[in-house]
Amino acid sequence: MGSYKPPQQVVVLDPTAELRSLMSIIRNKDTHRGDFIFYSDRVIRFLVEEALNHLPFVEKTIVTPTGAKYDGLAFKGQICGVSIMRAGEAMEQGLRDCCRSVRIGKILIQRDEETAMPKLYYAKLPQDIADRFCLLLDPMLATGGSANKAIEVLLSNGVKEENILFVNLICAPEGIEKVVGKYPKIKIVTAEIDDGLDSNKFIVPGLGDFGCRYFGTL
Ligand code: URA
């Protein structure tokens, strides 16, 4: 991560030996696709669990089969996922594994050839998305252009900025600064923060093209 100090909106997973070993597998250029999918899925599961931990809970007392009370918690509110196509779709199953029947919307953003700006091509979102906490899924936060466009789409559909959690595997500092600079109320949950971007806007050290490695289109 170098000397970059992320803003307080960024939650980075604990760099446990287990997480670092999983990241070493998916970052390795020699890892074949089956392992890339399997170990990416494991990291995604950690990320989703961590993101859920940043949503609001209320106190709830229940009665156990012994007749005793247990002062516990219950999740307050409803969530949905929104994946930024195509790579974000790889994170949908991890969310489904944690949240039964979760609603999942999709957004397709691509670079406009004429303006070089991110352009929205398709969005299909849950009808009641304005009332939900939204886990925005995209594995690589590079320049932040697509992320900001996707957040703009969520806000224009009524989602509250403070109800958006951007969940991703690897961030570049440039992407973090762009997203948090424009949308200071959102939270970013990530596994690791890298050094920066190369001349092709790939994250370095990074892991290459996540979507191509996950979906087998290299
Ligand atoms: N998207 C990727 O898949 N990899 C990068 O390094 C940057 C964006």
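Okay, so let's go over this structure. Residue indices follow the written sequence of each chain, beginning from 1 at its first position. Confidence filtering applies because this is a predicted model: local features only for residues at pLDDT of at least 70, side-chain atom pairs given and counted only at 80 or more, and all residues used for totals across whole chains, interfaces and linings. For side-chain calculations, the full set of non-hydrogen atoms in the structure is used, while hydrogens and water are omitted.

Helix and strand assignments come from DSSP, with helices taken as H or I runs of at least 4 residues and strands as E runs of at least 2, each series counted from the N terminus. Along the protein chain, the regular secondary structure elements total 6 helices and 12 strands. For the radius of gyration, the atoms used are the C-alpha atoms, and the globule rule reads 2.2 Å times the number of residues raised to 0.38. Expected size for 218 residues packed as a compact globule is a radius of gyration near 17 Å; at 18 Å, the protein chain falls within 12% of this value. Expressed along its principal axes, the backbone C-alpha trace of the protein chain runs to roughly 65 × 40 × 35 Å. Taking as baseline every contact in the protein chain between residues at least 6 positions apart, the subset at least 24 positions apart corresponds to 63%. Each accessible area value is a Shrake-Rupley result obtained with a 1.4 Å probe; residue values ignore everything except the protein chains displayed when judging cover. As displayed, the protein chain has an accessible area near 11,600 Å², and 50% of this comes from carbon and sulfur atoms. Two residues form a contact once any of their heavy atoms are found within 4.5 Å.

This part covers the site of the ligand. It suffices for a single heavy atom of a residue to lie within 4 Å of a molecule or strand for the residue to be listed as near it. Contacts to the ligand come from Met-140, Ala-142, Lys-201, Phe-202, Ile-203, Gly-208, Asp-209 and Phe-210. Throughout this description, a polar contact denotes any pair of N or O atoms lying within 3.5 Å of each other; where both atoms belong to protein, one of them has to be capable of donating a hydrogen while the other can accept it, and for residues adjacent in sequence the pair is counted only when both atoms sit in side chains. Between an oxygen atom of the ligand and a main-chain N or O atom of Ile-203, the distance comes to 2.8 Å. In this structure, an oxygen atom belonging to the ligand sits 2.8 Å away from a main-chain N or O atom of Phe-210. Alone, the ligand offers 240 Å² of accessible surface; in the complex the protein occludes 82% of this. The cavity that encloses the ligand is the largest pocket. Taken together, the residues of the shell around the ligand sort by class into 5 nonpolar, 1 polar and 2 charged. Here a cavity means grid points, on a 1 Å grid over the protein atoms only, where a 1.4 Å probe fits yet cannot get out; a pocket means an open set of points with protein on both sides within 12 Å along at least five of seven lines; lining residues are those with an atom within 4 Å of a point. What decides whether a molecule sits in a cavity or pocket is whether more than half of its atoms lie within 2 Å of the grid points. When residues are grouped by polarity, Ala, Val, Leu, Ile, Met, Phe, Trp, Tyr, Cys and Pro land in nonpolar, Asp, Glu, Lys and Arg in charged, and all others, Gly among them, in polar.

Turning next to the layout of surface pockets. Grid points are joined across faces, edges and corners, and a volume is the space filled by probe spheres set on the points. In this structure, the largest pocket encloses a volume near 1,200 Å³. In terms of lining, the largest pocket is formed by 34 residues, of which the most central are Ile-109, Asp-138, Ala-142, Thr-143 and Ser-146. Among the secondary structure elements, those contributing two or more residues to the lining of the largest pocket are strand E4 (78-85), strand E5 (103-111), strand E8 (140-141), helix H4 (145-156) and helix H6 (210-215). For the lining of the largest pocket, a count of residues per class yields 17 nonpolar, 10 polar and 7 charged.

Let's shift gears to the pattern of salt bridges. Basic side-chain nitrogens of Lys or Arg form a salt bridge, by our definition, when they fall within 4 Å of a carboxyl oxygen of Asp or Glu. Applying the stated criterion across every chain yields a total of 11 salt bridges. Among the ionic pairs, Glu-49 bridges to Arg-45, the shortest N-O distance being 3.1 Å. With Glu-49 and Arg-45 both in helix H2 (residues 33-52) and 4 residues apart, the pair spans about one turn of that helix. The shortest N-O distance in the salt bridge between Arg-96 and Glu-92 comes to 3.4 Å. Residue Arg-96 and its partner Glu-92 are both found in helix H3 (residues 92-98); the two are separated by 4 residues, about one turn of the helix.

When the centres of two rings from Phe, Tyr and Trp lie within 6.5 Å, Trp using its six-membered ring, the rings pair. Their planes under 30 degrees apart give stacked, over 60 give edge-to-face, and anything left gives tilted. Evaluated as defined, the whole model comprises 6 aromatic pairs. Considering the side-chain rings of Phe-38 and Tyr-39, the 4.9 Å spacing of their centres and the 85 degrees angle between planes classify their relative orientation as edge-to-face. Exposure categories follow from relative accessible area, calculated using a 1.4 Å probe and restricted to protein chains: below 20% of the type maximum is buried, above 50% is exposed, and the middle band is partly exposed. Assessed through its relative accessible area of 47%, Phe-38 is described here as partly exposed. Joined through ring pairs, the aromatic side chains of Phe-36, Phe-210, Tyr-214 and Phe-215 make up one cluster.

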